[in-house]
Amino acid sequence: MMTKVKAQGLVTDLMPNIKLMQAAGHFLFNYHSDNSGMSMLLRKVYSSVHAVLIVVNYVCMAINMAQYSDEVNELTANTITVLFFAHSVIKLLFFALNSKSFYRTLAIWNQSNSHPLFTESDARYHQLALTKMRRLLYCICGVTVLSVASWVTLTFFGESVRFIANKETNETMTEPAPRLPLKAWYPFNTMSGTMYIAAFALQIYWLLFSMAIANLLDVMFCSWLIFACEQLQHLKAIMKPLMELSASLDTYRPNTAELFRASSTEKSEKVPDPVDLDIRGIYSTQQDFGITLRGAGGKLQTFGQPTPNNPNGLTQKQEMLARSAIKYWVERHKHVVRLVASIGDTYGTALLFHMLISTITLTLLAYQATKIDGVNVYAFSTLGYLTYTLGQVFHFCIFGNRLIEESSSVMEAAYSCQWYDGSEEAKTFVQIVCQQCQKAMSISGAKFFTVSLDLFASVLGAVVTYFMVLIQLK
Amino acid sequence: MEKYSVFVAFAPHFKALARVAYFKIVSKDESNAKRMLYELYRFMMWFFILLYNIQHLIRVIQVRHSTEQLVDTLFILLTTLNCLGKQVAFNARSGRIHKIIETIQESTFAPTKPNHLDLLKKNAVSMSQILSFYQCGCLTCAALWTIFPFINRARGREVTFTGYLPFDTSVTSTFYLALAYMSVLITIQAFGHVTMDCTIVAFYAQAKVQIKMLRYNFEHFMDADEENIKIDTQITGTNYEQNTHKVNTNDIIIMTQKRLTNYVDHYEKIASFVKEVESIFSEAMIVQFFAMAWVICMTVYKIVSLSLLSVEFISMAMYLGCMLGQLFIYCYFGTKLKVESEFICQSVYCGDWLSLSPSFRRKLLVFMSYCSKPLALRTAYIIPMCLDTYIAVLKSSYSLFTFLNRN
């Protein structure tokens, strides 16, 4: 079922990423401006063609690996390459199978609440998030293109050979192989001539598109995390003015009409509250509120004639304002919690597969690294693989770690404002927020591990340990 | 709301257990004769299983100088000892197990909302699927284990049984007798073992589903349900109409108080249920952990010396896979329970506590502080039953394998 054309929320922010993913051949068929049957069919054909080409070439590489599996060095090198590109195939399939939950996560922020006092802060942090997401996208795109370029350049250096084990003498011999970026079995002879050029072109295309497929999905995941972190920053920033505003809210008056709402459907988005809408109608600028947000609390109180039914001296509008500000804060925080939960559900399994394959790849790379004997093509390619794989793991670990830190630092922001001057309502609000923030929001790889810099450190430590042990054993 | 018994999730497990005389839920309306017959059946089962284990123990002592045969016998002996440990737990503590079954069927654990019903039904379906999957797996393995001696004998190779037998097995008739005896017993034990594992895991899964139900309740803490429609319609006016205000506030306070009491009580019952299950099976889990560690070491030691794709290698690898699969369900459901209980605090937060008075919020806060400690299961008080443990086991066996391979 195709969703509406109008792009809002996260989709607008991530539109360049989405467009690039569509261009790279992911099965992303939403968010187009024109949804006619013909163009939809064309897009499906486009994605299927890409998918077929990528899988077919991958299978050719696997056949090559099986063919030349006698000699240990050749087998190890081919296994590393096959595992390296397994990420792309898995991510392509994963997105195709799970696209519904990706769309759901992208749609979570379609409707967000707002409060006239905090729109400026909201806009500022949203803009920050946008800048960071764009910068990340450009950076990763640059890295991808650079990697492909350096891979192709490296092909032209060194001997273009493959290792064969001589069965009689048990030595390794070298046999000439086509000078192509990737070792793969093709049904036609690629040693020279037009078939060689065709194979070379195919491989350049394949390298670019398969790396793009894997990296763009990771960038989308990290962009979601950046967005969630900036929302948390916004909430931390407005905590102080919020506490000052609510400091004078002394007596609790339950909003009885609100208390018993019928339960809404689980996954429906939060419709902005009628209370919020009223305020937007009443006030247009901050001057109307008649208060300054700096200074000690209690500025809301008018010490003139006490209004009846109102022991703390606030007018109905002012009381509603203070309460709605707290409500805005809490609802926005709950929205972020929902977003993070959805991100975890959507991408957790993909992270698990990624870590599984990366662990095996890094183990093999550590073994390969012990055989480096000088500054040559072998050294460069091994170090290149190593840096790239570790870089991929680092990429999502750092953003996962940032999320953990941001979500637990909300408690510090709550503590650093003048909560002791606050009303009972404000103080219990701070208490509940602190209790909730003791459990940091984190992304887990299908409950097997938590995505944080600890994970990266343990992976790096394991690789280094393994490398050292192997060097000793040599 | 239809009546749904929470025990439905456990019905296939206890039926299977009763079939192999491992554990039976005695219903009041059974005739004496039937009960006597069943007791006889149970006695015979126990006799043969103990005999089987003693035979293997004798053989271990017999072949203690030959590593090859010792390892073969120890494989079977350790697995059956593991199974015996759990069987003893089920039988020696049957009173406590009956008590927790009664707890499951109490009203605290019963579903009160349509969402609860969905959760319980889904849980029942997945539990029975896991049980069928593991039962099929174990029957396949047992069948293969029976076929191998046949094939080996047809090929003319000497077949030695892993248990001590007082007669010579090279004669065809005694060979088939011994084979039938060994395979039937190992099949029964494997079946019982797998069913007991799935039953214990079903207890954990039930605790997890109950926590899910509790979380749902808290997320919809301030929602109206059928009883409260009456109160809802009386609420007219705005904040400042004092007349309706006083009447309704009291009702609301009583209702929210009642809800909170029920939910706190529910959590208490779940926590004590988990603790009780953990303590009933604590010794069995310790036996399992040691047996598994030993078996993994021995399997890895054996696999290193075998070439790839030989029949022996495949059977060793399959055996290792079964052991790891058994540990996996414990660790997986232990982790699920822990993760679910960590989110209770978040569910209280996601409920509508903003509409509540500061004094009521403080009550919620006490509960939130208590819930911040997750319900984590542990073996022998030190080994947590979670996926981290599982990954540590995998890592250590791989390191052991690599280390032995180099040497």
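Criteria and cut-off values
- Residues numbered from 1 in each chain as written.
- Chains lettered and ligands numbered in written order.
- Predicted model: local features only at pLDDT ≥ 70, side-chain atom pairs only at ≥ 80, totals over all residues.
- Heavy atoms only, no water.
- Helix = DSSP H or I, 4+ residues; strand = E, 2+ residues; numbered from the N terminus.
- Buried < 20%, exposed > 50% of the residue type's maximum accessible area, 1.4 Å probe, protein only.
- Contact = heavy atoms within 4.5 Å.
- Lys, Arg positive; Asp, Glu negative; His and termini not counted.
- Charge placed at Lys NZ, Arg CZ, Asp CG, Glu CD.
- UniProt positions renumbered as here; feature names shortened; annotations may be inferred.
- Bend = angle between axes of the 7 residues up to and from the residue.
- 1 Å grid on protein atoms, 1.4 Å probe; cavity = no way out; pocket = protein on both sides within 12 Å on 5 of 7 lines; lining within 4 Å.
- Points joined across faces, edges and corners; volume = space filled by probe spheres on them.
- Nonpolar A, V, L, I, M, F, W, Y, C, P; charged D, E, K, R; others polar.
- pLDDT = per-residue confidence, 0-100.
- Axes fitted to C-alpha atoms, helices over the stretch in contact; angles between N-to-C directions.
- Parallel < 35°, antiparallel > 145°, perpendicular 65-115°, else oblique.
- Left-handed = near helix turned anticlockwise from the far one by under 90°.
- Salt bridge = Lys/Arg side-chain N within 4 Å of Asp/Glu carboxyl O.
- Disulfide = S-S within 2.5 Å.
- Phe/Tyr/Trp six-rings, centres within 6.5 Å; stacked < 30°, edge-to-face > 60°.
- Lys NZ or Arg CZ within 6 Å of the ring centre and 35° of its normal.

Asks: Got a minute to help me understand the overall build of chain B in this structure?
Replies: Looking only at helices and strands, one finds 13 helices and two strands in chain B. Reported as C-alpha extents along the three principal axes, the dimensions of chain B are approximately 100 × 60 × 30 Å. Evaluated residue by residue, chain B yields a buried proportion of 49% over its 407 residues. Of the contacts formed within chain B by residues at least 6 apart in sequence, a portion of 80% connects residues at least 24 apart. Charge centroids of chain B, computed over 39 positive and 30 negative side chains, lie 4 Å from each other.

Asks: Whenever I open this one, the UniProt feature "transmembrane region" (unreviewed entry) in chain A confuses me. Can you help?
Replies: Residues and elements named next belong to chain A. Mapped onto the present numbering, the UniProt feature "transmembrane region" (unreviewed entry) falls on residues 45–65, 77–97, 136–157, 195–217, 336–357, 377–399 and 448–471. Secondary structure content for residues 336–357 is 100% helix and 0% strand, while the C-alpha to C-alpha distance between its ends is 31 Å. Secondary structure content for residues 448–471 is 79% helix and 0% strand, while the C-alpha to C-alpha distance between its ends is 31 Å.

Asks: What should I look at first to understand helix α10 (residues 316–369) of chain A in this one?
Replies: Within an α-helix, residues lying three or four positions from one another point in the same direction, as the helix has 3.6 residues per turn. Y347 of chain A marks where α10 of chain A bends most, by close to 45 degrees. Of all 54 residues in α10 of chain A, 40 are buried, a share of seventy percent or more.

Asks: Sorry if this is basic, but what is going on with the UniProt feature "transmembrane region" (unreviewed entry) in chain B here?
Replies: All names here are of chain B. UniProt's feature table lists "transmembrane region" (unreviewed entry) at residues 40–58, 131–151, 175–205, 280–301 and 313–333, given in the numbering used throughout. When the span residues 40–58 is considered, its composition is 100% helix and 0% strand, and the gap between its end C-alpha atoms is 27 Å. In the segment residues 131–151, helix accounts for 100% and strand for 0%; the C-alpha atoms at its two ends are 30 Å apart.

Asks: Would you take a moment to explain empty space enclosed by the protein for this structure?
Replies: Rolled over the atoms, a probe sized like a water molecule indicates the empty space that remains. All names here are of chain B. Taken as a whole and judged by the stated rule, the model has nine cavities of 30 Å³ or more. Here the largest cavity defines a volume of roughly 90 Å³. Lining of the largest cavity is provided by M285, Q288, F289, L327, Y330, C331, T379, I383, P384, M385, C386 and T389. Only α9 (282–304), α10 (311–342) and β2 (383–384) provide two or more residues apiece to the lining of the largest cavity. When grouped by side-chain class, the residues that make up the lining of the largest cavity number nine nonpolar, three polar and no charged.

Asks: Mind showing me how you'd approach the environment of V152 of chain A here?
Replies: Residue and element names in this part refer to chain A. Position of V152 among the secondary structure elements: in helix α5 (residues 119–155). Considering only alpha carbons, one finds V152 and I204, 52 residues apart in sequence, at a separation of 7.5 Å. With sequence-adjacent residues up to four places away left out, V152 is seen in contact with F200, I204 and L207.

Asks: Is there a simple way to think about the confidence of the model for chain A in this case?
Replies: A low pLDDT means the predicted coordinates there should not be read in detail. Residues and elements named next belong to chain A. The predicted model of chain A has a mean per-residue pLDDT of 84, with 84% of residues at 70 or higher. Confidence drops under pLDDT 50 across residues 1–5; counting only partners more than four residues distant or on other chains, this segment forms eleven contacts. Counted against residues more than four places away or in other chains, residues 262–311, with its pLDDT under 50, gives 75 contacts.

Asks: Teacher, can you tell me more about the environment of Y204 of chain B here?
Replies: Residue and element names in this part refer to chain B. One can find Y204 in helix α6 (residues 172–219). Exposure remark for Y204: the relative accessible area of 5% places this residue in the buried category. In this structure the C-alpha to C-alpha distance between Y204 and F333, which are 129 residues apart in sequence, comes to 6.5 Å. When residues no more than four places from it in sequence are discounted, the contact partners of Y204 are V277, Y330, F333, L337, L377 and M385.

Asks: Whenever I open this one, the packing of helix α11 (residues 377–416) of chain A against helix α12 (residues 424–437) of chain A confuses me. Can you help?
Replies: The packing of two helices is summarised by the inter-axis angle and the distance between the axes. Residue and element names in this part refer to chain A. Across the interface, α11 lies against α12 with an axial gap of 8 Å and an inter-helix angle of 155 degrees. When the axes of α11 and α12 are compared, the pair comes out roughly antiparallel. α11 and α12 meet at a crossing whose hand is left-handed. Judged by residue contacts, S407, S408, V410, M411 and A414 of α11 engage V430, V433, C434 and C437 from α12. For the contact of α11 with α12, the class distribution of residues is seven nonpolar, two polar and no charged.

Asks: For this particular structure, what's the right way to read the pattern of salt bridges?
Replies: Side chains that differ in sign of charge can pair as their charged atoms come close. With the rule as written, the count across this model stands at 21 salt bridges over all chains. Residue K91 of chain A pairs with D218 of chain A through a salt bridge whose shortest N-O separation is 3.5 Å. Of this pair, K91 of chain A sits in helix α4 (residues 72–107) while D218 of chain A sits in helix α6 (residues 194–237); the two residues are 127 residues apart in sequence, bridging distant segments of the chain. Considered together, K91 of chain A and D218 of chain A belong to a single accessibility category, that of buried residues. The closest approach of N and O atoms between E276 of chain B and R96 of chain B, which form a salt bridge, is 2.9 Å.

Asks: Explanation requested: unusual backbone geometry in the structure shown.
Replies: What you tend to see is this: most non-glycine residues have negative phi, and most peptide bonds are trans. All names here are of chain B. Residue A380 is not a glycine yet carries a positive backbone phi of 55 degrees. In this structure A380 comes out as partly exposed when scored by relative accessible area, which is 31%. The residue Y381 is not glycine, and still its phi comes out positive at about 65 degrees. With respect to the secondary-structure elements, Y381 resides in the loop between β1 (378–379) and β2.

Asks: It is not clear to me how the state of the cysteines should be interpreted in this structure. Could you clarify?
Replies: Two cysteines whose sulfur atoms are joined by a covalent bond form what is called a disulfide. Enumeration according to the criterion identifies zero disulfides over all chains in this entry. With no disulfide partner, C417 of chain A has as its closest neighbouring cysteine sulfur the one in C434 of chain A, 8.6 Å distant. As a non-bridged cysteine, C297 of chain B has C331 of chain B as the owner of its nearest cysteine sulfur, 16 Å distant.

Asks: So what exactly am I meant to see when it comes to the packing of aromatic side chains here?
Replies: To describe a pair of aromatic rings, you give the distance between the ring centres and the angle between the ring planes. Enumeration over the complete set of coordinates arrives at 55 aromatic pairs over all chains. Seen in terms of ring centroids, W151 of chain A and Y385 of chain A are 5.6 Å apart; in terms of plane orientation they differ by 75 degrees. Their pairing is edge-to-face. Here W151 of chain A, found in helix α5, pairs with Y385 of chain A, found in helix α11; they are 234 residues apart in sequence, far enough to count as distant. By relative accessible area, Y385 of chain A is classed as buried at 13%. Following the ring pairs from residue to residue traces out a cluster consisting of F7, F10, F14, F23, F90, F109, F203, F273 and F281 of chain B. Across the ring face of F29 of chain A, the terminal group of K44 of chain A is positioned such that the distance to the ring centre comes to 5.7 Å.

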